[in-house]
Structures are given as structure tokens and as C-alpha cells.
Amino acid sequence: MEFFILFALVIIASAENKTTVLPPTTVTSEAPPNITTTSTAFTTTTVKPNTTTTIQPSTTVTPAPTSTNAPIPPGPPQPVAGYWVVHDEYANITCIVARFSAAFKVPYIKTDGQAGNGSVVLNQNATATGTCGEVEQTLTLKWYQVAEGIQAPKPNILTFTFTKNISNDIYYAKSIELMAYPDLIYFPNATTPDYIESVLSDSYLDFFPAHLNNSYACRSEQIFNMPQVNTGYQTHGSITGMQIQAFRNTGDEEFGASENCSGDTATSDIVPIAVGCALAALVVIVLIAYLVGRSRSASRQRGYQSV
């Protein structure tokens, strides 16, 4: 019995010290499958709606021709007669009275080297100054040229110088001087920056002559040429409807008895001659009509007598 118990204890102890040897285990480590990552780029395409484009025909624009000529200046104003006096305050007399209109064509050189003609017209409201000497007297008129609302920066100046001949009691203008300022309107593209001086003076000619205490009168247009100083050109001047008197010794402003110019005298002679010719022609026509009528009357009387 003890033998069996001992045998069982040995078996139990052997069972506790027994090591179970497991067969070797092969662990297969599988590689993860190759994962191919495809990066897809998303492209956004904007589809525009159908648009109909109308292609217009090409247009050729022809530029306007460019003119190299200077603009045409406006026409000068019509001359209007003015009335002026020169008064001596010390002697209390009016030595000169004048009424007339005047216009001038003044040649000048343009910036392109060509010659032009400027216009100067005496303004009826020109300012009058002068001198009242015993032997020599002057009348000076100053006015500003105005065109298109633009006034010239300097005035035009017209001067008459009178002298008298005591031996025959006659006075006359010995010189006429014009200082023309070349403004931008009536002297376009002028090269002259300052005055154009023109002087009419002739020792052999007497301008506007009259006896003392009388006035010189000329309704007709008086035309004359005034040599320019230092240019060789001639300024063309004209004066119309003139009546002027110098060397007066009274305080009033009335003209003395007028002495007419040769132009007015010729005109006054033509009118009577024309009237006389017309009257003579009328007399001849009336005479012819009378003779014809009388002849017909005589023929009728002879016819009645024969019947």
C-alpha cells in the first residue's frame, strides 16, 4: 500500500517537472502588399457659353488736311468820321478843329519771310492832343485797336503837323505821321515787335491848304502813300469826308468858311454840266415833237380843203 502511495507521488512529481517542448514554429512575416497611391490632379475646366462675335469691317479714318497757312484775319471795321479839337488852356482858344475818317494799309514782314498787309482804321473815339504854337501846330490822335474783344497793348498814333506862311496868309499840313502797332489780329505772324513808322513829308507839296481863318474841306476820298522808316515799304492811306482848320484864334469850335479841294470842285462842275445836258436834250425832244405835230396838222388841213 505504501508502495502504491510512493509510486503515485513519484508520478506526480515527475509530472510537475516535465517540460513540454513545443515544435518550432515558423512565423512567416508577410510583407504588406504594395499599395500604389495614384494622385489624381483634378483640373477644373470652365466651359464658357457660346458667344457670337461680330467682327466689324475695318474703317480707315482719313485725317483732315492740316493747313500751314495762317488763319485769315477778320476784316477791318468800316471807317467812321470823328470830331476832334485842340484847346489852348492858357490862351483860352481852340486852335484846331477837325472832322474826318481815315484808314491805312501797312505792309509788314511775316515770320515765314513773306510780305503781308496790316489794317489800321482810325477810331472815331480816338483821344486828341496837340500844340498851339504861333508858327507850328500839331494834332495827335491815339487809339487802341480792338478786335474780337482783344485790345492791343499799345495805341496807334496819327499826327498832323501844320505850319503857316505869313507872307500869303496860308496854312497847310507839312507832314503826316503814322505809328502803327502790329497787333496779333490785323498783323498776323508779324516779325516786327514794335511800332511801324510811316511819314509823309514833302517840302514841295502842301497838304490840306487853306487861308487863315478858313477851313479846308474835302468830301472826296484823298489817297496818298507814306514811306515807311527803315523798311522801304509804302503805307497806303486814305482820308474821307475831311474838314479841318488850324491856327484858329477864337474860343468856339465852329469851322470857318470852307475852301473845297480839287476833287470836290471837279464833282461840283460835273453835276451842273450833266443837268444842263439833260435839259438841252429835253428841249430838243419837245421841239421835235412840236414840229412833227404841226406837220401832221397842216396835212389834215390840206385834206379838208381838197374835199
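Owing to the predicted nature of the structure, the values given are computational and were not obtained by experimental measurement. (Residues numbered from 1 in each chain as written. Predicted model: local features only at pLDDT ≥ 70, side-chain atom pairs only at ≥ 80, totals over all residues. Heavy atoms only, no water.)

Describing the overall build of the protein
Phase 1 of the analysis: Counting its regular elements, the protein contains two helices and 15 strands.
Phase 2 of the analysis: In the protein, which comprises 307 residues, the share counted as buried stands at 28%.
Phase 3 of the analysis: By sequence separation, contacts in the protein at least 24 residues apart represent 60% of the contacts at least 6 residues apart.
Phase 4 of the analysis: Accessible surface, the protein: about 21700 Å² in total, of which carbon and sulfur atoms supply 57%. (Helix = DSSP H or I, 4+ residues; strand = E, 2+ residues; numbered from the N terminus. Buried < 20%, exposed > 50% of the residue type's maximum accessible area, 1.4 Å probe, protein only. Contact = heavy atoms within 4.5 Å. Areas by Shrake-Rupley, 256 points an atom, 1.4 Å probe, with all protein chains shown as cover.)

Here we look at the confidence of the model for the protein
Phase 1 of the analysis: Of all residues in the protein, 69% attain a pLDDT of 70 or more, and the chain-wide mean is 79.
Phase 2 of the analysis: Residue range residues 15-49 is modelled with pLDDT below 50. Its contacts to residues more than four positions away, or to other chains, number zero contacts. (pLDDT = per-residue confidence, 0-100.)

What about the side chain of Arg 248?
Phase 1 of the analysis: Note on placement: Arg 248 falls in the loop between β14 (234-245) and β15 (257-260).
Phase 2 of the analysis: We classify Arg 248 as buried; its relative accessible area is 6%.
Phase 3 of the analysis: In this structure the side chain of Arg 248 is engaged in a polar contact, spanning 2.5 Å, whose partner is the side chain of Asp 252.
Phase 4 of the analysis: When sequence neighbours within four positions are dropped, the list of residues in contact with Arg 248 reads Ile 93, Thr 94, Cys 95, Val 97, Glu 253 and Glu 254. (Polar contact = N/O pair within 3.5 Å; in protein donor to acceptor, adjacent residues only side chain to side chain.)

Structural notes on the nonpolar core
Phase 1 of the analysis: Among the nonpolar cores identified, the biggest contains 43 residues, and Phe 100, Phe 104, Phe 160, Phe 162 and Phe 208 are the most heavily contacted of them.
Phase 2 of the analysis: If near-sequence neighbours (up to four positions away) are discounted, Phe 162 is found in contact with Ile 96, Val 135, Glu 136, Gln 137, Tyr 171, Tyr 172, Ala 173, Ile 244, Ala 246 and Phe 247. (Core = buried A, V, L, I, M, F, W, Y, C linked by side-chain atoms within 4.5 Å.)

Some points on the state of the cysteines
Covalent bonding between the sulfur atoms of two cysteines defines a disulfide.
Phase 1 of the analysis: With the rule as written, the count across this model stands at two disulfides.
Phase 2 of the analysis: Here Cys 218 is linked by a disulfide to Cys 261, with a sulfur-sulfur distance of 2.0 Å. Torsion about the S-S bond of the Cys 218 and Cys 261 cystine: about 65°, corresponding to right-handed handedness. With Cys 218 in strand β12 (residues 214-218) and Cys 261 in the loop between β15 and α2 (262-306), this residue pair connects regions lying 43 residues apart in the sequence. Residue Cys 218 shares its accessibility class with Cys 261, and that shared class is buried.
Phase 3 of the analysis: Each bonded cysteine of the protein gets a number by its place in the sequence, and the pairs then read 1-2, 3-4. (Disulfide = S-S within 2.5 Å.)

Some points on the pattern of salt bridges
Phase 1 of the analysis: If you walk through the whole model with that rule in mind, you get three salt bridges.
Phase 2 of the analysis: For Lys 154, the salt bridge is made with Asp 194, and the minimal N-O distance between the two is 3.4 Å. Here the residue Lys 154 occupies a position in the loop between β7 (150-151) and β8 (156-165), and Asp 194 occupies one in the loop between β9 (170-180) and β10 (196-201), the gap between them amounting to 40 residues.
Phase 3 of the analysis: With a shortest N-O distance of 2.5 Å, Asp 252 and Arg 248 are connected by a salt bridge. (Salt bridge = Lys/Arg side-chain N within 4 Å of Asp/Glu carboxyl O.)

A closer look at the pairing of strand β13 (residues 222-227)
Phase 1 of the analysis: Burial of β13 is one-sided: the residues Gln 222, Phe 224 and Met 226 facing one way are buried, the residues Ile 223, Asn 225 and Pro 227 facing the other way are not.
Phase 2 of the analysis: Across six bridges, β13 lies against β14 in antiparallel orientation. Bridge pairing in β14 places Asn 225 opposite His 236. (Pairing = 2+ DSSP bridges.)

Focus on the packing of aromatic side chains
In this description, an aromatic ring pair is defined by two values, namely the gap between the centres and the angle between the planes.
Phase 1 of the analysis: This model, assessed by the stated rule, comprises eight aromatic pairs.
Phase 2 of the analysis: Ring geometry for Tyr 83 against Phe 255: centres 6.2 Å apart, planes inclined by 80°, an arrangement best described as edge-to-face. Of this pair, Tyr 83 sits in strand β1 (residues 82-88) while Phe 255 sits in the loop between β14 and β15, and the two are 172 residues apart along the sequence.
Phase 3 of the analysis: By relative accessible area, which is 37% here, Tyr 83 ends up partly exposed. (Phe/Tyr/Trp six-rings, centres within 6.5 Å; stacked < 30°, edge-to-face > 60°.)

A few points about the environment of Ala 152
Phase 1 of the analysis: Turning to its location among the elements, Ala 152 is positioned in the loop between β7 and β8.
Phase 2 of the analysis: Exposure remark for Ala 152: the relative accessible area of 6% places this residue in the buried category.
Phase 3 of the analysis: Sequence separation between Ala 152 and Tyr 181 is 29 residues; the distance between their C-alpha atoms is 8.0 Å.
Phase 4 of the analysis: Apart from residues lying up to four places away in sequence, Ala 152 is in contact with Tyr 144, Gln 145, Tyr 181 and Asp 183.

Focus: the side chain of Gln 145
Phase 1 of the analysis: Along the chain, Gln 145 falls in the loop between β5 (136-143) and β6 (146-147).
Phase 2 of the analysis: Of the polar contacts made by the side chain of Gln 145, one reaches the backbone oxygen of Ser 119; its length is 2.9 Å.

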